[in-house]
Amino acid sequence: MFTGIVEELGELVAREELADAARLLIAGPTVTSDARHGDSIAVNGVCLTVVDVLDGGRFTADVMRETLNRSSLGSLQVGGPVNLERAAALGSRLGGHIVQGHVDGTGRVLARTPGEHWEVVRVALPAALARYVVEKGSITVDGISLTVSGVGRDGDDYFEVSLIPTTLELTTLGRAPVGTVVNLEVDVIAKYVERLLQR
């Protein structure tokens, strides 16, 4: 489990394509400072298992084809920045919201509207996920816990989030241009409530 509070902006150093998976080599000195084989690290909101911790603050992780197909990790290029977060520790503060690291789908940045001290980012999302997104609710975008500031439909279903200077400076979403594909994880509680009501 994660909280959606990005600890570090890392980098994809290398990528090895396998038959039905990929092995990623990622630089992240902060998240590797206490990492061990088998630990979980969220990479752009995708929960990955550490295979090896290497010198220079780097780690490797295997990503199966299902994850490559369902997330933006499939198109992540060497040299690209990534949001990194270690799994939450029992007893630590829950600064964001409950994040599983299980991507529900991808969205696309539709627009960016700068303000004096923040920026509003509009993101298109699949219709199947739109019902789980509510104004003032939580959503995870590329591993970042964000509060939904608006929802709507203008051709595509979309939601808006308002990014503070810290988020703009320290995460990939701060510099993602219009058209960028982002990983989305909706609030897990909404999915469980829906399932229970269906029964």
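Residues numbered from 1 in each chain as written. Predicted model: local features only at pLDDT ≥ 70, side-chain atom pairs only at ≥ 80, totals over all residues. Heavy atoms only, no water.

So, on to the pattern of salt bridges. A complete count under the given rule lists 11 salt bridges for this structure. Arg15 is the partner of Glu17 in a salt bridge, and the nearest nitrogen-oxygen pair spans 2.4 Å. The partner of Asp34 in a salt bridge is Arg86, and the shortest N-O contact between them spans 3.0 Å. Taken together, the positions of Asp34 in the loop between β2 (21-27) and β3 (40-43) and Arg86 in strand β6 (residues 81-86) put the pair 52 residues apart, joining distant regions of the chain. Look at Arg86 and you get partly exposed, because its relative accessible area is 22%. Because the salt bridges share partners, they merge into one network encompassing Glu7, Asp34 and Arg86. (Salt bridge = Lys/Arg side-chain N within 4 Å of Asp/Glu carboxyl O. Helix = DSSP H or I, 4+ residues; strand = E, 2+ residues; numbered from the N terminus. Buried < 20%, exposed > 50% of the residue type's maximum accessible area, 1.4 Å probe, protein only.)

What the 6 strands build is a closed barrel, ordered β7-β8-β11-β10-β9-β12; its pairing is antiparallel. Shown here is a sheet whose adjacent strand axes are inclined to one another by a mean of 45°, direction ignored. Pairing of strand β7 (residues 105-114) with strand β12 (residues 181-186), which is carried by 4 bridges, proceeds in the antiparallel orientation. Bridge pairing in β12 links Gly107 to Val182. (Pairing = 2+ DSSP bridges. Axes fitted to C-alpha atoms, helices over the stretch in contact; angles between N-to-C directions.)

Glancing now at the side chain of Asp104. Along the chain, Asp104 falls in the loop between β6 and β7. In this structure the side chain of Asp104 is engaged in a polar contact, spanning 2.8 Å, whose partner is the backbone nitrogen of Val186. Sequence-distant contacts of Asp104, defined by excluding residues within four places in its chain, comprise Arg70, Leu129, Leu184, Glu185, Val186 and Lys191. (Polar contact = N/O pair within 3.5 Å; in protein donor to acceptor, adjacent residues only side chain to side chain. Contact = heavy atoms within 4.5 Å.)

This paragraph deals with the sheet that holds β6. Strand order in the closed barrel formed by 6 strands is β1-β2-β5-β4-β3-β6, and the pairing between neighbours is antiparallel. Direction aside, neighbouring strands of the sheet carry axes that sit 45° apart on average. Note: β3 against β6, 3 bridges, orientation antiparallel. Note on β6: the bridge partner recorded for Ala42 is Glu85.

Attention now moves to the packing of aromatic side chains. Following the criterion strictly, the structure yields 0 aromatic pairs and no others. The ring centre of Tyr158 lies 3.8 Å from the NZ or CZ of Arg122, which sits over that ring. (Phe/Tyr/Trp six-rings, centres within 6.5 Å; stacked < 30°, edge-to-face > 60°. Lys NZ or Arg CZ within 6 Å of the ring centre and 35° of its normal.)

All right, on to the UniProt feature "domain: Lumazine-binding" (unreviewed entry) in the protein then. Using the residue numbers shown here, the UniProt feature "domain: Lumazine-binding" (unreviewed entry) corresponds to residues 1-97 and 98-197. The span residues 1-97 is 6% helical and 44% strand by assignment, and the distance between its end C-alpha atoms comes to 10 Å. Within the segment residues 98-197, helix and strand shares are 20% and 45% respectively, and the terminal C-alpha atoms sit 21 Å apart. (UniProt positions renumbered as here; feature names shortened; annotations may be inferred.)

This part takes up the pairing of strand β5 (residues 58-64). Relative to β5, β2 runs antiparallel, the two being bridged by 7 bridges. Residue pairing in the sheet places Leu25 in a bridge with Thr60 of β5. By the bridge criterion, 4 bridges tie strand β4 (residues 46-54) to β5 in an arrangement that is antiparallel. Looking at the pairing, Val50 lines up with Ala61 of β5. Counted along the chain from β4 to the antiparallel partner β5, the turn is 3 residues long, and its residue Gly56 has a positive phi close to 80°.

On to the pairing of strand β10 (residues 144-154), then. Here 4 bridges tie strand β9 (residues 138-141) to β10, and the two strands are oriented antiparallel to one another. Bridge assignment links Ser138 to a residue of β10, and that residue is Thr147. What sits between the antiparallel neighbours β9 and β10 is a turn of 2 residues, in which Asp142 has the positive phi angle 50°. The pairing of β10 with strand β11 (residues 156-163) spans 6 bridges and is antiparallel. Looking at the pairing, Gly152 lines up with Tyr158 of β11. The hairpin formed by β10 and β11 contains 1 residue between the paired strands, and Gly155 there has a positive phi angle of roughly 85°.

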